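# Structure assessment
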Amino acid sequence: MTHRLEDIIALFDGLFEETYRTRLVRGGDEPLYLPADAESPWHRVIFARGFFTSALHEISHWCIAGARRRELEDYGYWYLPDGRDARQQRDFEAVEVAPQALELLFSRACGLRFHVSVDNLDGDAEVDRDAFHAKVEARAWRYLSEGLPLRAEALRTALTTFYRDGAALDEALAAGRDRLQVEPA
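Residues numbered from 1 in each chain as written. Predicted model: local features only at pLDDT ≥ 70, side-chain atom pairs only at ≥ 80, totals over all residues. Heavy atoms only, no water.

## Quick look at the packing of aromatic side chains
The condition that has to hold: In summary, the pairing rule links any two rings of Phe, Tyr or Trp, Trp by its six-membered ring, whose centres are within 6.5 Å, and it sorts them by plane angle into stacked for under 30 degrees, edge-to-face for over 60 and tilted for everything else. Only DSSP runs of H or I covering at least 4 residues are called helices, and only runs of E covering at least 2 are called strands; the numbering of each starts at the N terminus. Relative accessibility decides the category of a residue: with a 1.4 Å probe and only protein chains considered, values under 20% of the type maximum give buried, values over 50% give exposed, and everything between is partly exposed. Sitting over a ring, as applied to charges here, requires NZ of Lys or CZ of Arg to be within 6 Å of the ring centre and within 35 degrees of the ring normal.
One pass over the full model with this rule turns up eight aromatic pairs. Centroid distance Tyr33 to Tyr75: 4.3 Å. Interplanar angle 15°. Geometry classified as stacked. Placement of Tyr33 in strand E2 (residues 32–34) and of Tyr75 in the loop between helix H2 (52–64) and helix H3 (86–110) is noted, with a sequence separation of 42 residues between them. Just as Tyr33 is buried, Tyr75 falls in that class too. A connected cluster of aromatic rings, assembled from ring pairs, spans Phe12, Phe16, Tyr20 and Trp62. The lysine or arginine in question, Arg139, covers the ring of Tyr143, its NZ or CZ lying 3.7 Å from the ring centre. In this arrangement the basic side chain of Arg151 is found over the ring face of Tyr20, its NZ or CZ atom lying 5.5 Å from the centre.

Structure, rendered in structure tokens:
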């Protein structure tokens, strides 16, 4: 199975460009979310280095962010790079459980293997990757039992239809749009 960037961009943009004025954009070294501004009429979910999995991860953050957060650069959240201490690492993992759970579900919809990211390779804090992975898995199961956010469900449906069912892009978009309902502002 081929996972082309053009396909994930077409699926995302096909679902959300018109309804949420949001596009998925291939970026440089660092991912970033930029709301619409004088430079662009579109909100932009920018994923790193052209990596398919980075696109899935950044989309996951966007699917969780509410309308107010989507008006702020990087949704108004902090980010500390590698080198976090134990408390900072716990804080990072606490906010990453939900988006990584969606990323896990998106990865499975695409037929990709999911790898949890603790994102602290140079830190002094001891990281329990297995424990964090278990939390992400548990949150994914909770999403499946309680329901995904509307945008996440629409995308997961489109991904499943395209990658798992082998449908054409327009069929996958139609399946995703059937699940998509505009959220109240």
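The rest of the description comes next.
## Points about the sheet that holds E2
Quick note on the threshold: Each pair of strands is called paired provided DSSP finds at least two bridges between the two strands. Axis definition: a line fitted to C-alpha atoms, limited for helices to the stretch in contact. Angles are taken between N-to-C directions and run from 0 to 180 degrees. The contact definition used throughout considers only heavy atoms, calling two residues in contact when any of these lie within 4.5 Å.
Read across the open sheet, the three strands follow the order E1-E3-E2; overall the sheet is mixed. Because the sheet does not close on itself, it has two edges, and the strands there are strand E1 (22–26) and E2. Ignoring which end each strand starts from, the neighbouring axes of this sheet average 20° apart. The sheet contact formed by E1 and strand E3 (residues 43–47) spans five bridges and is parallel. Bridge pairing links Leu24 to Val45 in E3. Its contacts with the sheet place helix H1 (residues 5–20) against E1 and E3, and it is angled at close to 155° to E1. The strands touched by H2 within the sheet are E1, E2 and E3, with E3 carrying the most contacts at an inclination of about 145°.

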